Amino acid sequence: IALGAVLLLGILQGILVAALASILLLLARTSRPHVAFLGRIPGTNSYSDVDRHPENEPLPGVIVFRPEASLIYVNADAVRESVMDRLGREAPSAIRLIVCDLSAAPYLDLAGSRALRELHAELANRGITLRIVGAHGWVRDLLRADGIDEKVGELGRSVTLKSLLHS
């Protein structure tokens, strides 16, 4: 884009067009982040993306998802919709727990917190528990300040996917 714009428009305008295109591409990628749905790596207590590793063992009665980007205004609803779509593909009465692994989400804003609150409400209406694991310190602080911990339970460092699934 930069080369074509510079050749067609000149140096300054070409660089401005390239910068604008970069920002638009970044927003497009950020607005639809990959949401990994996790399964157990066979023979271990580790978990990874079942789409990339179909040999991973499904977790009976549990959906574990990991948004692979910060949960912010431009993508929070898309992440929530991905989870609800995945839930819709499962037998509704079979799922009793959904776990949100925020280990790959270094930042969360109030829209991300709102999306988690809405997800909790939708799941609670279906009798499904939402838990959150792997949140970074600053993210945990924001979620606590927004009262999410009162809805989904403890957000501390000691709450891990392993501890939830093996308790």
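Not measured: the values here are computed from a predicted model.

1. Quick look at the side chain of Ser113
In step 1: Examined against the element boundaries, Ser113 turns out to sit in helix 4 (residues 110-125).
In step 2: The exposure class of Ser113 is buried, given its relative accessible area of 0%.

2. Quick look at the sheet that holds strand 1 (residues 35-40)
In step 1: Reading across the sheet, the five strands line up as 2-1-3-4-5 and stay open at both edges, with mixed pairing between neighbours. Edge positions in the sheet fall to strand 2 (47-49) and strand 5 (129-133), since each has one partner strand and no second. Across this sheet, the average inter-strand angle for adjacent strands is 30°, counted without regard to direction.
In step 2: Examined bridge by bridge, strand 4 (residues 97-101) and strand 5 share five bridges and lie parallel to one another. When the sheet's bridge partners are listed, Leu97 is paired in strand 5 with Thr129.

3. What about the pairing of strand 1?
In step 1: Counting buried positions along strand 1 gives six out of six residues, so the element sits mostly inside the fold.
In step 2: Burial of the side chains of strand 1 extends over both faces: Val35, Phe37 and Gly39 are buried on one face and Ala36, Leu38 and Arg40 on the other.
In step 3: Of the pairings in the sheet, the one linking strand 1 to strand 3 (residues 62-67) comprises four bridges and is antiparallel in character. Paired with Val35 across the strands is Pro67, a residue of strand 3.
In step 4: Sheet analysis places strand 1 next to strand 2, joined by three bridges and oriented antiparallel. From the neighbouring strand, Leu38 faces strand 2, where its bridge partner is Asp49.
In step 5: Counting the residues between successive antiparallel strands, the hairpin from strand 1 to strand 2 contains six residues, one of them, Gly43, with a positive phi of roughly 80°.

Cut-off values and rules
- Residues numbered from 1 in each chain as written.
- Predicted model: local features only at pLDDT ≥ 70, side-chain atom pairs only at ≥ 80, totals over all residues.
- Heavy atoms only, no water.
- Helix = DSSP H or I, 4+ residues; strand = E, 2+ residues; numbered from the N terminus.
- Buried < 20%, exposed > 50% of the residue type's maximum accessible area, 1.4 Å probe, protein only.
- Pairing = 2+ DSSP bridges.
- Axes fitted to C-alpha atoms, helices over the stretch in contact; angles between N-to-C directions.

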